[in-house]
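This is what each chain is made of:
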Amino acid sequence: MKTVTLTMTNPPELYLEGQNITPDAFAGKTAAEIAAIDVWEGKLKSPLGKYFTVEGNGGATAAETRIILRGDCSRLKRVGQQMTAGEIVIEGDADMYIGGWMKGGKIHVKGNVDSFCGLAMEGGELIIDGKAGHHLGSSPRGEWRGMQGGLIRVAGSAGNDTATFMNGGTIIIGGDADIHVSTHAEGGTVIIKGNAKGRVGGQMVKGDIYVFGQIENPLPGFKQVGEVEQEVDGVKARFIHYIGDLGERHPVSKGKPVYGNIYTRI
Amino acid sequence: MSELLIKNGFVFDPLQGIRGDRMDIAVKDGRIVETSALQHPETIDASGMTVMAGGIDIHSHVVGPKVNVGRLFRPEDKLFKSPLKRCNRMEMGFSVPSTFKAGYDYARMGYVFVNEAAMPPLHSPHVHEEIRDTPIIDNAAMPVFGNNWFTLEYLKNHEIENNAAYTAWLLRATRGFAIKVVNPGGTEAWGWGLNCENVHDPVPYFEITPAEIIAGLIETNEHLGLPHSVHLHCNNLGNPGNYTDTLDSLKLAEGYTPKNNFGREQVLHATHLQFHSYGGDSWGNFESRAPDVIDYVNSHDNITIDIGQVTLDETTTMTADGPFEHHLRALNNLKWANTDVELETAAGVVPYIYSPKVKVCTIQWAVGLELALLSKDLMRTFVSTDHPNAGPFIRYPRVITWLMSRAARDATMKTFKWLERTIDATSIDGIDRELDLYEIAQMTRAGPAKALGISNTYGGLAPGMDADIAIYALNPENMPENPEEIEKALSRCACLLKDGVVTVRDGEVLTEPPKRTVWVDVKVPENAQVQRDIYEHFLRYYSVNLGNYSLFEEHLFNPRVIEVDTTQ
Amino acid sequence: MPKRIENVGCPYCGVCCDDLVVTVSDDGKKILEVENACAIGNQIYHHATESERVRLPRLRQPDGTYKEISYDEAIDYAARVLYNAKKPLIYGFGSTNCEGMAAAAKVGEKAGAILDNCASICHGSSLLAIFDNGYPSCTLGEVKNRADVILYWGANPAHAHPRHMSRYSIFPRGFFTGKGHKSRKIIVIDPRYTDTARVADIYLQVKQGYDYDLFNAFRTVARGHEIPEEVAGIKREKILEVVEIMKNARFGTIFYGMGLCHTDGRNHNIDIAISLTRDLNDFTKWTIMAMRGHYNITGPNQVWSWQYGFPYCLDLSKRDIAHMNPGETSSIDLAMRGEIDAFFNVATDAGAHFPIEAVKELRKHPWITIDPNICMASEISDLHIPVGIVGVEVPGIVYRMDNVPVQYRKVIDPPEGVISDEELFERIYQRLCELEAEDAAKERVKTTAEGIPAED
Ligand code: SF4
Ligand SMILES: [Zn+2]
């Protein structure tokens, strides 16, 4: 694996869009070639080297390329967008759409991220040591095929609209989640280690949600059906099991309706 | 004084019976002229290439409120699916393109005239605003009549003259082109969440049946002598077993003969027939009855059709058939928009994925092709995808390739998950017919132009007609082995002349010559009763004032009016 | 002789009354009388000719005062600001015609701007819900002719849309509703007991911020499941009763307002309202409609949808493709995050409607206001360009809250020399093309706009 280190030395006045900062785009390129890759500040298209110093060449393939981002990247969007393999490490905060439409590989953000991270993710891992903003692992506007697979792990809290239209994959939130979790979901798993504010599983068709803390305002469309013991993210615990959203349509499998599940820890 | 000579192409013009002859076409000041009329022409070398009139689309949903709902409520139809800007304006969207993209894409395919398939009269200013923003191609738009309260009330009592006067008034008010009928009676019933499932199912409260509406409108149309015939979207679209309802609808044209001065020979155009040619009584035993339907059409020459070919894409369905869209929403559970329009019509919009993995979809694919390939008269059988309902119009080149090449059909069928069942449920595998370029010219220019009653101006290459000419890099004497090459050549024409202006070269739009709005102005005798009815209905039932309903002249973009005088 | 002009459309609220009769003076300069309009509508017309109007563009001077300049100078200034900014924002369009919006889009596309309209701070949440869940709706005449159950949720038309109830919903007699009010059941759901609630047959006082939960309860009941004793402050029996009424309606309409799209969860409140409407269509006929505020705030959603496929929050900065994602490309978010380096306030008053922090951020960069009137925005601008008032001095197409296009007329001429939004944007576009051509000819000249920002 080869490592390319980008250091933000000349931060943008506005925000920078770095959808080309991916192992896929860097693979097979030298440091100089990477410095010539396009990034956007508003309508201004510039070579990446205008903002970053670039050290190291890309690997032969995406899978053999690791990108390390240093300096203040809190105004940098879209890193790792649509990446299929390889690795990205962001040493501090980053802005929106980190790991959006990600298909494979791994992104590790050591700070916080803003909204729309892991949007429409299909595979790979997105690890965030800090907090995440809104629409984590959510679906792009109007798209009913949201997150399909992969893992998002956030150590801190997440904003609202996590996992909207989720279809598959796993999202683990170490802290609390704001309102709307798995709205319209038709699959996938969300695990909240802290509390959830409310509107958990609204309009949910299928899928699983685990809340280790409390759901401040549970929805009337969920019904308690029993207690279960399960191992969740390495923790064995007892949960109260609810099904819903009973206000929503549900598919029928082998003559029985399939519901969304919420489990709250006892 | 601009003069152009298109030299040495293989010319196909079914209106004149020209079948691929190697000849020159002369253009002067936007019109086609005799070659002898030119003095110092610029020349375009078309040797080894196919020359046809610009394409004519008889049925496509490209402008207006429900098209725009489709655009508005599908941001995902743009995401990673829009091409980068190449012309004057951005081109956004896949299944429901922006107006700019629609104009450019039609031009790239060599099309020059597109008939908007459904205009809700109340929304005509919207339709005309979008026409203004659709570059290059000439547009006409058909107001919908089949559920209009005036029409229902007049036809209930068989008041053809009154209905004709109202029709003339509405065509003028909306700057419309022809009588469109969508799910007659059923869409009005949808006002109560109901439907008319066959032509004898009465319309709630209006004491009339779809059959009476269709027949009454045919009579009205021939009474007025409009350029186009009644343009019908039959009842019970999209359901297993609906071919009997379709045959019932088509039979209503029996006994009527066309009366018009525009060269039109049909009294009924049945649109997107693919959606109406199904057997079986459930999705389980769903099957094609295309042979039955096209047999009937073959033996009744007062009917024309377009096929409504399924293209196997993710697309957006949109129709004034409100109850159908509601039904579809329950099948695929996707987002659903609906707009009922007071006194007139409705519209529904639902995204839809025609997947080669789904048996019903692949049967639908076969049905459209069967209709075309079993047709005995391609001057009455037209290419369409009911854009965007069965697929986006940018797939016409692919549809044409399927029609021209058994190998292309076989290649597509190989991708079907339920190939055996599709073959069992249709006759597609037994059809070896491959259409030639002359037949394609019939289905895409000459035929639709004639059926629309505009074949004196569009759809042919005779002197005096508009110089709308498409040149394709296809040599009829040496057609490409690989069907994909045919598709490519048709997608990006080598050259398009619009009104004599070189508009497209090698598939790229060079310039945007002014486009037109084509509409039909019918003069009818004064009719005090109809005037009074209009006044009353606006006073009591409409939500806009009569004085603001008719399109203001300033909102009509570059009109070309076709005049019809019934008072003579 | 004073002239009576009929069928005039009112350029105020989304009800778009088109039955006004306006009497203008002999010389066509003064509005004498306005018939049929409500009090607010009436005022719009009188304001146009009675108040002092700005007749020339005004440019901010170093001492903070405004100096009048010519339209040509103003157009050049505006074009240069757009040309030199990395991410200019063109926002507003609450009160202009579709022709102006189309021309502004041309400018936005050429300039690589963000193009946004007032929906962004208002019914944008409706649009988000429509993206996700559709919109089973109808025109207002359908409601008038057919509806026997009307539900106002978080809307107070008695104040915000004065003629809504009389023209379309509660009171009019239509084709199948000959008995008018008597043939209809009115339900109002609102945390406040509003004037609209006073005319309701059933009033549910939903707990502030719990609309989503209440919709969820309605849907759960409609599917035959149990719900708790009380949801969102409403007793179960009441919820059951209302669901029964809805299921047994012949034709129902949910009209919802800012109460729904501006409380917690915003778009989701609308989204689940749409889900409920879908569900009810399995029983009978139901429709839903947003109570859009301004008379043509639906217009930019339409125009930009047919031009780009997006109704608001358009990011055209990539120049070859449009992008939209409210939450990122929405005006307030962009402003607050400092993503914008030039601001055009068009036919609205961002000075009054934006949060103060957003205004402060935007004030760090050039701010141009295009509006007929003096407003807060015009007073903190670097440049104010006056235009004619649509519906009074400029005709054009507007889209009513139900997306029906209404053709508006002009009743008087604009003050001498004052041009329309459309003409202004067409001229800015021409100027941008010239700047582009100049640049293509030589190396890119960096010209900074003159004029100094006013004090905050
Ligand atoms: S209700 Fe609205 S549109 Fe009608 S007159 Fe009053 S302000 Fe104008
Ligand atoms: Zn159609």
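Residues numbered from 1 in each chain as written. Chains lettered and ligands numbered in written order. Predicted model: local features only at pLDDT ≥ 70, side-chain atom pairs only at ≥ 80, totals over all residues. Heavy atoms only, no water.

**Quick word on the overall build of chain C**
Which entries qualify depends on this criterion: Secondary structure elements are defined from DSSP: runs of H or I of at least 4 residues count as helices, runs of E of at least 2 residues count as strands, and each element is numbered from the N terminus. Whether two residues touch is decided by their heavy atoms; if any such pair falls within 4.5 Å, the residues are in contact. With residues, only the protein chains shown are counted as cover, and all accessible areas are computed by Shrake-Rupley using a 1.4 Å probe. Charge counting follows a simple rule: Lys and Arg are positive, Asp and Glu are negative, and His as well as the terminal groups are ignored. A single reference atom marks each charge: NZ on Lys, CZ on Arg, CG on Asp, CD on Glu.
Looking only at helices and strands, chain C has 17 helices and 22 strands in total. Along the longest, intermediate and shortest principal axes, the C-alpha atoms of chain C span 75 × 55 × 35 Å. If you take every contact in chain C between residues at least 6 apart in sequence, the share linking residues at least 24 apart comes to 68%. Counting only carbon and sulfur atoms, one obtains 50% of the accessible surface of chain C, whose full area is about 14,700 Å². Side-chain charges in chain C split into 51 positive and 63 negative, and the spacing between the mean points of these groups amounts to 5 Å.

**Points about the overall build of chain A**
The test is simple: We compute the radius of gyration from the C-alpha atoms alone; for a globule the expected value is 2.2 Å times N to the 0.38, where N is the number of residues.
Secondary structure summary: chain A contains two helices and 21 strands in total. Rg of the C-alpha trace for chain A: 20 Å, near the compact-globule value of 18 Å for 266 residues, within the 12% margin. With respect to the three principal axes, the spread of C-alpha positions in chain A is 60 × 35 × 35 Å. Contacts spanning at least 24 positions in sequence make up 37% of the contacts within chain A whose residues lie at least 6 apart.

**A look at the sheet that holds strand β16 (residues 314–315) of chain C**
All names here are of chain C. Applicable threshold: A pair of strands is labelled paired if DSSP reports no fewer than 2 bridges between them. Convention adopted: a line fitted to C-alpha atoms gives each axis, helices being fitted over their contacting stretch, and angles between N-to-C directions are expressed from 0 to 180 degrees.
Taken together, the nine strands give an open sheet; going across it, the order is β5-β4-β20-β19-β18-β6-β7-β16-β17, and neighbouring strands pair in mixed fashion. Of all the strands in the sheet, just β5 (66–68) and β17 (323–324) have a single pairing partner and so form its edges. The pairing of strand β18 (residues 342–346) with strand β19 (residues 367–370) spans four bridges and is classified as parallel. The residue bridging F344 from the neighbouring strand is I368, located in β19. Sheet contacts for helix α2 (residues 71–84): β4 (58–60), β6 (88–92), β18, β19 and β20 (383–385); angle to β20, the most-contacted strand, approximately 125°.

**Side note on the interface of chain C and chain B**
This is how it is decided: Buried area adds together the accessible area that both of two parts lose upon being put together, with accessible area traced by a 1.4 Å probe. We define a salt bridge as a side-chain nitrogen of Lys or Arg found within 4 Å of a carboxyl oxygen belonging to Asp or Glu.
Taken together, the contact between chain C and chain B spans 66 residues of the former and 61 residues of the latter. Here chain C and chain B share an interface that buries about 5,400 Å² over both sides, 53% of which is from carbon and sulfur atoms. Per-residue buried area on chain C facing chain B is highest for R278, W306 and Q407 of chain C; these three make up 15% of the total on that side. Between chain C and chain B we count five salt bridges in total.

**Observations concerning the interface of chain A and chain B**
In plain terms, the rule: Each residue gets one label: Ala, Val, Leu, Ile, Met, Phe, Trp, Tyr, Cys and Pro are nonpolar, Asp, Glu, Lys and Arg are charged, and the others, such as Gly, are polar.
Between chain A and chain B, the residue contacts involve 10 residues of the former and 11 residues of the latter. Regarding the contact of chain A and chain B, the summed buried area is about 810 Å², with carbon and sulfur atoms giving 65% of it. It is W144, R145 and R249 of chain A that lose the most area in chain A upon contact with chain B, and together they represent 52% of the buried surface on that side. Linking chain A to chain B there are one salt bridge. The salt bridge involving R145 of chain A is made with E314 of chain B; its shortest N-O contact spans 2.9 Å. Classifying every residue of the side of chain A that touches chain B by side-chain character gives three nonpolar, three polar and four charged.

**Considerations on the pattern of salt bridges**
Opposite charge on two side chains permits pairing when their charged atoms draw close. Under the convention used in this document: Burial classification: accessible surface area is computed with a 1.4 Å probe over protein chains only, and a residue below 20% of its type maximum counts as buried, one above 50% as exposed, and the rest as partly exposed.
All chains considered together, the criterion is met by 89 salt bridges over all chains. Ionic pairing is found between R78 of chain A and E17 of chain A, a salt bridge with its closest N-O pair at 3.5 Å. Pair noted here: R78 of chain A is in the loop between β7 (76–77) and β8 (87–90) and E17 of chain A is in strand β2 (residues 16–17), with a separation of 61 residues, a long-range link. E17 of chain A shares its class with R78 of chain A; the two are buried. A salt bridge links E76 of chain B to K335 of chain B; its shortest N-O distance comes to 3.0 Å. Of this pair, E76 of chain B sits in the loop between α1 (65–72) and α2 (99–108) while K335 of chain B sits in the loop between α10 (322–332) and β16 (336–341), and the two are 259 residues apart along the sequence. A relative accessible area of 3% places K335 of chain B in the buried class. Via salt bridges that share partners, K77, D95 and D114 of chain A together with K87, E328, R337 and E339 of chain C belong to a single interconnected network.

**Describing the site of ligand 1**
What counts is decided by this rule: By convention in this text, a residue qualifies as near a molecule or strand provided that one of its non-hydrogen atoms is within 4 Å of it.
Around ligand 1, the surrounding shell consists of C10, Y12, C13, C16, C17, A37, C38, G41, P162 and R163 of chain C. Within the shell around ligand 1, the residues separate by chemical class into eight nonpolar, one polar and one charged.

**Details of the nonpolar core**
As a reminder of what qualifies: Residues grouped as a nonpolar core are buried Ala, Val, Leu, Ile, Met, Phe, Trp, Tyr and Cys residues, joined through side-chain atoms within 4.5 Å.
Counting residues in each nonpolar core, the largest one holds 372 residues, and the members touching the most others are L6, F52 and L69 of chain A together with F218 of chain C. When residues in this core are grouped by element, the largest group, 10 residues, is from helix α11 (residues 359–373) of chain B. Apart from the residues within four sequence positions on either side, F218 of chain C is in contact with W153, I189, L204, I239, V242, V243, M246 and L276 of chain C. Grouped together as the second largest cluster of nonpolar side chains are 19 residues, Y91, I121, L334 and A358 of chain C included.

**Notes on the coordination of the zinc ion (ligand 2)**
Inclusion rule: The rule for donors is simple: N, O or S, within 2.8 Å of the metal, or within 3.2 Å if the metal is Na, K or Ca. Water isn't counted, so a site may look like it is missing partners.
The protein atoms that coordinate the zinc ion (ligand 2) are H59 of chain B (NE2), H61 of chain B (NE2) and D386 of chain B (OD), at distances of 2.1 Å. The buried category is assigned to H61 of chain B, whose relative accessible area is 3%.

**Some remarks on the environment of Q82 of chain A**
Tracing the backbone through its elements, the reader meets Q82 of chain A in the loop between β7 and β8. Using a relative accessible area of 32% as the deciding quantity, one classes Q82 of chain A as partly exposed. Separated by 58 residues in sequence, Q82 of chain A and D24 of chain A have C-alpha atoms that sit 8.8 Å apart. Setting aside residues no more than four positions away along its own chain, Q82 of chain A makes contact with D24, G100, W101, M102 and K103 of chain A together with F80 of chain B.

**Thoughts on the confidence of the model for chain C**
For residues with low pLDDT, the predicted coordinates do not support detailed interpretation. All names here are of chain C. To keep things clear, this is the line we draw: The pLDDT score gives, residue by residue, the confidence of the prediction method on a 0 to 100 scale.
Residue-level pLDDT values for chain C average 94, and 97% of them are 70 or greater. With pLDDT under 50 throughout, residues 444–456 is counted as low confidence; its partners more than four residues away or in other chains account for 23 contacts. Across the interfaces of the predicted complex, the ipTM metric reaches 0.97, alongside a pTM of 0.97.

**Some points on the pairing of strand β10 (residues 125–128) of chain A**
All names here are of chain A. In the sheet, strand β9 (residues 106–109) pairs with β10 via four bridges, with the strands oriented parallel. In the strand pairing of β10, I107 is matched with L126. As judged from the four bridges shared by β10 and strand β11 (residues 151–154), these two strands associate in the parallel manner. Among the inter-strand pairings, I127 is bridged to a residue of β11, identified as R153.

**Points about the sheet that holds strand β11 (residues 268–270) of chain B**
Residues and elements named next belong to chain B. Across the sheet, which stays open at both edges, the five strands sit in the order β9-β10-β11-β14-β18 with parallel pairing between neighbours. Looking at the sheet topology across the chains shown, the edges are occupied by β9 (180–182) and β18 (381–382). Note: strand β10 (residues 230–233) against β11, three bridges, orientation parallel. Note on β11: the bridge partner recorded for L232 is A270. Relative to β10, helix α7 (residues 210–224) is tilted by about 160°, and along the sheet it contacts β9, β10 and β11.

**Comments concerning the pairing of strand β13 (residues 186–192) of chain A**
All names here are of chain A. Most of β13 sits out of view: six of its seven residues are buried. Where β13 meets strand β15 (residues 206–211), five bridges bridge the pair, whose relative direction is parallel. Note that in β15 the partner of I192 across the bridge is V211.

**Overview of the packing of helix α4 (residues 149–156) of chain B against helix α17 (residues 528–540) of chain B**
All names here are of chain B. Formally: The labels follow the angle: roughly parallel below 35 degrees, roughly antiparallel above 145, roughly perpendicular from 65 to 115, and oblique for the rest. By convention the crossing between two helices is left-handed if the near helix lies anticlockwise of the far one by an angle smaller than a right angle, and right-handed if it lies clockwise.
Remark: α4 packs on α17, axes separated minimally by 12 Å, with the N-to-C direction vectors making an angle of 135°. Looking at the two axes, α4 sits oblique to α17. As for the relative orientation of α4 and α17, their crossing is right-handed in sense. Of the residues in α17, those in contact with F150, E153 and Y154 of α4 are Q529, V530, D533, I534 and H537.

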